[in-house]
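Breakdown of the fold
Listed here are the chains, written in short residue letters.
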Amino acid sequence: MKILLKNAMVITMNEKREVYREGNILIEDDKIKEIGHFNGPDDCDEVMDCKGKMIMPSFVNTHTHTSQQLARGLADDVDLLTWLRERIWPYESNMTEEDSYISTLLFCAEQIKAGCTSIAEPGGQFVSGMAKAITEAGIRGKLANSVMDCGEGLPRVWQRSTEEELARQEEDIKKYHNTADGRVKVWFGIRTIFNATDELILRTKELADKYGVGVHMHIAEARSEVEYAKATRGCTTVTHLNNLGFLDKNIMAAHAVWLTNEEVEMFRDHGVKVSHNPASAMRVLGFAKIPRMLREGICVALGTDGTPTNNRMNMVDEMWVTSLIHKGWRLEPDVVKAEEILMMATINGAKAVGDEDLYGSLEPGKKADLIIIDPDANPDMLPVHDPIANLVTSMHSTNIECTMCDGKWLMKDRELLTINEKEIIRLGKEHAAAICKRGNIHLPDRFPML
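First, a word on scope: everything that follows refers to the structure included in this document.

Conventions used here
- Residues numbered from 1 in each chain as written.
- Predicted model: local features only at pLDDT ≥ 70, side-chain atom pairs only at ≥ 80, totals over all residues.
- Heavy atoms only, no water.
- Helix = DSSP H or I, 4+ residues; strand = E, 2+ residues; numbered from the N terminus.
- Buried < 20%, exposed > 50% of the residue type's maximum accessible area, 1.4 Å probe, protein only.
- Contact = heavy atoms within 4.5 Å.
- Areas by Shrake-Rupley, 256 points an atom, 1.4 Å probe, with all protein chains shown as cover.
- Lys, Arg positive; Asp, Glu negative; His and termini not counted.
- Charge placed at Lys NZ, Arg CZ, Asp CG, Glu CD.
- Phe/Tyr/Trp six-rings, centres within 6.5 Å; stacked < 30°, edge-to-face > 60°.
- Pairing = 2+ DSSP bridges.
- Right-handed = clockwise from strand over helix to strand, strands pointing away.
- Axes fitted to C-alpha atoms, helices over the stretch in contact; angles between N-to-C directions.
- 1 Å grid on protein atoms, 1.4 Å probe; cavity = no way out; pocket = protein on both sides within 12 Å on 5 of 7 lines; lining within 4 Å.
- Points joined across faces, edges and corners; volume = space filled by probe spheres on them.
- Nonpolar A, V, L, I, M, F, W, Y, C, P; charged D, E, K, R; others polar.
- Salt bridge = Lys/Arg side-chain N within 4 Å of Asp/Glu carboxyl O.
- Parallel < 35°, antiparallel > 145°, perpendicular 65-115°, else oblique.
- Left-handed = near helix turned anticlockwise from the far one by under 90°.

Before going further, it helps to spend a moment on the overall build of the protein. Counting its secondary structure elements, the protein contains 16 helices and 18 strands. Considered along the principal axes of its C-alpha atoms, the protein spans approximately 65 × 50 × 50 Å. Put simply, the protein has 450 residues, and 60% of those count as buried. Long-range pairs, those at least 24 residues apart, make up 71% of the contacts in the protein with a sequence separation of at least 6. Carbon and sulfur atoms form 50% of the exposed surface of the protein, whose accessible area is close to 18,400 Å². With 53 positive and 69 negative side-chain charges, the protein shows a separation of 1 Å between the mean positions of the two kinds.

What follows is about the packing of aromatic side chains. The geometry of an aromatic ring pair is captured by the separation of the ring centres together with the interplanar angle, meaning the angle of the planes. Summed over the entire model, instances satisfying the criterion amount to four aromatic pairs. The interplanar angle of 80° and the centroid separation of 6.2 Å between the aromatic rings of W89 and W158 together place this pair among those described as edge-to-face. Residue W89 is located in helix α1 (residues 80-93), and its partner W158 is located in the loop between β8 (140-143) and α4 (162-176); the two are separated by 69 residues in the primary sequence. With respect to burial, W89 and W158 carry one shared label: buried.

Side-chain alternation along strand β13 (residues 273-276) places K273 and S275 on one buried face and V274 and H276 on a second face that is also buried. As judged from the three bridges shared by strand β12 (residues 251-255) and β13, these two strands associate in the parallel manner. If you follow M252 over to β13, its bridge partner there is K273. Between the parallel elements β12 and β13, the chain passes through helix α8 (residues 261-270) in a crossover that is right-handed.

Let us look at the sheet that holds β13. The strand order across the open sheet built from five strands is β10-β11-β12-β13-β14, with neighbouring strands paired in parallel fashion. The open sheet has two edge strands with one neighbour each: β10 (188-190) and β14 (300-302). Across this sheet, the average inter-strand angle for adjacent strands is 25°, counted without regard to direction. Set on the sheet, helix α12 (residues 315-330) makes contact with β13 and β14; between it and β14 the angle comes to about 130°.

Let us look at the sheet that holds strand β6 (residues 59-61). Sheet architecture is open: four strands sit in the order β6-β7-β8-β9, paired in parallel fashion. In this open sheet, the two edge strands, each paired with only one partner strand, are β6 and β9 (184-186). Ignoring strand direction, the axes of neighbouring strands in this sheet form an average angle of 15°. Sheet topology note: the strand β7 (residues 116-120)/β8 ladder contains three bridges and is parallel. Within the sheet, the bridge partner assigned to S118 lies in β8 and is R140. The strands touched by helix α3 (residues 127-137) within the sheet are β7, β8 and β9, with β8 carrying the most contacts at an inclination of about 170°.

Further remarks concern the layout of surface pockets. Each pocket or cavity is described by its volume, and for the largest pocket that value is around 730 Å³. Looking at the largest pocket, it is lined by 36 residues, and the ones nearest its centre are L80, W83, L84, F194 and E221. The element best represented in the lining of the largest pocket is α1, accounting for six residues. Classifying every residue of the lining of the largest pocket by side-chain character gives 14 nonpolar, 12 polar and 10 charged.

Okay, the environment of N390 next. For N390, the position within the fold is in helix α15 (residues 387-393). Residue classification places N390 among the buried residues on the basis of a relative accessible area of 9%. Sequence spacing of N390 and A352 is 38 residues, and the spatial spacing of their C-alpha atoms is 25 Å. Dropping the residues within four chain positions of it, N390 is found in contact with M381, P383, V384, H385 and M395.

The final tally for this structure, using the stated rule, is 32 salt bridges. Note that K142 is salt-bridged to D355, the shortest N-O span being 2.5 Å. In this pair, K142 sits in strand β8 while D355 sits in the loop between α14 (347-352) and β15 (370-373), placing the two residues 213 residues apart along the sequence. For the pair formed by K142 and D355, the shared burial category is buried.

For the pair helix α5 (residues 198-211) and helix α7 (residues 237-244), the least separation of the axes is 11 Å and the interaxial angle reads 60°. As the angle between them shows, α5 and α7 are arranged oblique. The crossing of α5 and α7 is right-handed. Seen from α5, the contacting residues are D198, I201 and L202; seen from α7, they are H240, L241 and L244. The residue inventory of the contact of α5 with α7, partitioned by class, reads four nonpolar, one polar and one charged.

Turning to α7, its buried residues are T237, V238, T239, H240 and L241. Next to the buried residues of α7 lie α5, β11 (215-219), α6 (223-233) and α8.

What follows is the structure in structure tokens.
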């Protein structure tokens, strides 16, 4: 297949951050063949005139819980322990493999419509279900199990030994890693230091190095976490992980809110990647030192987290929130600029998951993972004086007209092509209700129900 996209404003996100005001992109099979100002060949299978539109790399969501998609709205306005022990653990521990598949497929529908084609799952239920959905939807996924070998209050089904947890992950790697033409990969996961022995942490890192994959872990997420680490390990989370020799370039640190300045330098020195989840953090976690991390040269990417902590699984919204919160708490209007945020959502995301040579920017030889944006789709994004600022602060997901991954259209003219949207919405509601029933999860009525 040869596809020619012509006459668009092309935001490449390449090393020089080049933008073509009226550029063309030639796609051959799954890769970008040519980009810039050129005359397209006569033998294209598809030619699309994109005059007045923008083309940019599709988004990379570096921290998101596919298994929690059916739990949207289950845990609003509650403290952390209620959130965890009365809502999320009963929900997740009562999921079936089919629930995981339906949840992930509904999640994929939302991601594609918001321009995201690559995700990193830090630890969900049933990698088998996740992998099936990712394969069918046509996006990319770094998938991991929710891994815990200790901790108070764990449901019985999750009470496993270190050996059992490690063996389960190795089995998933052997079955699902590098499937779906390489779009599905399996990483190792560690839920949090609350639920991981030092043996699990160290042996997980050894296995990740052996298989050449990453480790995705919630690190320094909450103040209570670092206080727990002090009480049980003698120092804060990041310092303890550093003392263990765990920190490395294949570690994805989700949230990373409660770091000292010295611990930021530890991340820098060891090449640790950070997934910044601004909307989730604003719920209860706090303000991460993202400006300092960026100044230190740490690879900071963006993530949505899961529906029970965010409710909006939308990378467009995450860019907007990122553009506001750091300016606000630091009272510095130029502290995190629009171009930095666009990097975090694209090329930094690809770097964070080890795929910067494959996608994250529009360049010849890279995968054709891209989105087409129509600024005129609604008045919210107009006028476009500064296209980069508009993409970060004014765009809505409804401005995204088409989404492509691996050279294949996943959405055209806002219509999903790989997922039956109406059917998966119907199934999602059915499965969500069934999980809540099995988990005995009941929410109080906020207003009198008549």
